[in-house]
Amino acid sequence: MRVIKTLREMQTVAKKWHTENKTIGLVPTMGALHTAHLSLLRKAKIDNDFVVLSIFVNPTQFEPSEDYHIYPRDLARDLEIIDGVGIDIIFIPEAADMYPSGFKTTVEVKELSTRLCGAVRPNHFQGVTTVVTKLFNIIKPTRAYFGQKDAQQAIIIKRMAVDLHMEVEIVVLPTIREEDGVAYSSRNLYLSPKERQAAQVIPRSLELAKAKIMQGERVASRIKQQIQDVIQSEPLAQLEYISICEPESLSELEIINEGTLIALAVRIGKARLIDNITAEELS
Ligand code: AMP
């Protein structure tokens, strides 16, 4: 496992692998690694000759009022967590190199970036698609791995890769949850023990929605109401949005179909948490 901090060195290593016709799996992260990151890394290891883990707390995907400055950064702990996974390179670029002085170019996936989380985080997805494009250009991965937990992000990146003819396979892996159902997230570190317990209301609301759908409910407004009631029963949780939408266009649906995405954002204490399920195999 080798730590690389400069773009030039990363490009040199990636070029060497390409000339040897090796496949490269890239797992982009912001660090503060947890079990869900490990699942992406393990799959990347199975699928590819070489695995690159990037750790970069990307300033452009945070709104000015958000947690960029307090986002957890602990490289020593990250290195411990990934010990034994068999990662080849940990790429930790500097913000000043990723965004050189005079920087003027961004990548924007229209419409999709303004919906769901984009409505409250207007610059977020442009920051994500720009930095992911940069990582793709630097490393030229064969495959890149993302989590379904950030469903909108995965949908936008897939769209971008198709629209811009990027020669990379976008692999999206299922949401990994803690024992009580709460999705792993670096931002769970912001929660007090009481708030962490309150966060259980998020998977519980989605599980109940899923049960209702399985029982035959298809009317989106009724499912939304049910999720809202569950979230509002928890005084520490503040619902930001619930979306029931078509999973490619992210347009809101009135009737739930197979594949429909049910996504929500909830604020608990200092954390803004997101989660989702999809309605699969409805009979
Ligand atoms: P982050 O470091 O939070 O930017 O996340 C890096 C990658 O890990 C993204 O593709 C996320 O979607 C993915 N990820 C984070 N949490 C989870 C989770 N609980 N389950 C699956 N993937 C996740």
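Note: the structure precedes this text.
The text that follows walks through the structure, step by step, so that each part is easy to find. (Residues numbered from 1 in each chain as written. Predicted model: local features only at pLDDT ≥ 70, side-chain atom pairs only at ≥ 80, totals over all residues. Heavy atoms only, no water.)

1. A look at the site of the ligand
- Neighbouring residues of the ligand: 16 residues in total, closest Met30, Gly147, Asp150, Ile176 and Tyr184.
- Within the contact set of the ligand, an oxygen atom lies 2.6 Å away from a side-chain nitrogen or oxygen of Asp150.
- Measuring from a nitrogen atom of the ligand, one finds a backbone N or O atom of Tyr184 at 2.8 Å.
- About the coverage of the ligand: the protein hides 93% of its 490 Å² of free accessible area.
- For the shell around the ligand, the elements supplying multiple residues, two or more each, are β2 (24-29), α2 (35-47) and β5 (143-147). (Near = heavy atom within 4 Å. Polar contact = N/O pair within 3.5 Å; in protein donor to acceptor, adjacent residues only side chain to side chain. Areas by Shrake-Rupley, 256 points an atom, 1.4 Å probe, with all protein chains shown as cover. Helix = DSSP H or I, 4+ residues; strand = E, 2+ residues; numbered from the N terminus.)

2. So, the nonpolar core
- The biggest cluster of nonpolar side chains holds 46 residues, and the ones touching the most others in it are Met10, Val52, Phe91 and Phe136.
- Tallying contributions element by element places helix α6 (residues 124-139) first for this core, with eight residues.
- Two domains each provide a minimum of three residues to this core, namely domain 1 (2-173) and domain 2 (186-278).
- Here Met10 is in contact with Ile4, Val52, Ile89, Phe91, Ile138 and Ile139, once residues within four sequence places are set aside.
- Membership of the second largest hydrophobic core comes to 31 residues, among which are Met30, Tyr71, Val182 and Val201. (Core = buried A, V, L, I, M, F, W, Y, C linked by side-chain atoms within 4.5 Å. Buried < 20%, exposed > 50% of the residue type's maximum accessible area, 1.4 Å probe, protein only. Domains from an automatic or database assignment. Contact = heavy atoms within 4.5 Å.)

3. Some thoughts on the pattern of salt bridges
- What the rule picks out here adds up to 15 salt bridges.
- Here Asp47 and Lys43 are joined by a salt bridge, their closest N and O atoms 2.9 Å apart. Placement of both Asp47 and Lys43 in helix α2 is noted, with a separation of four residues, approximately one turn of the helix.
- Asp47 sits in the partly exposed class, given a relative accessible area of 23%.
- Residue classification places Lys43 among the partly exposed positions, given a relative accessible area of 31%.
- Through salt bridges that share partners, Glu178, Asp180 and Arg196 make up one connected network. (Salt bridge = Lys/Arg side-chain N within 4 Å of Asp/Glu carboxyl O.)

4. What about the sheet that holds strand β8 (residues 261-268)?
- Read from one edge to the other, the open sheet built from three strands follows the order β7-β8-β9, with strand pairing classed as antiparallel. Only two strands of the sheet have a single neighbouring strand rather than two, namely β7 (237-245) and β9 (271-278). Going across the sheet, the axis of each strand differs from the next one's by a mean of 15°, ignoring polarity.
- Summarising the sheet, β7 and β8 pair through eight bridges and their orientation is antiparallel. Residue pairing for β8: Cys245 is matched across the bridge by Leu261. (Pairing = 2+ DSSP bridges. Axes fitted to C-alpha atoms, helices over the stretch in contact; angles between N-to-C directions.)

5. A closer look at helix α7 (residues 151-163)
- The end-to-end C-alpha distance of α7 is 18 Å, a good match for the 18 Å that 13 residues give at a rise of 1.5 Å each.
- What α7 keeps buried is the set Ala151, Gln152, Gln153, Ala154, Ile155, Ile156, Ile157, Met160 and Ala161.
- If you follow the buried residues of α7, they end up packed against α5 (117-120), α6, β5, β6 (169-173), β8 and β9.
- Backbone geometry just after α7 places His165 at a positive phi near 55°. (Expected span 1.5 Å × (residues − 1).)

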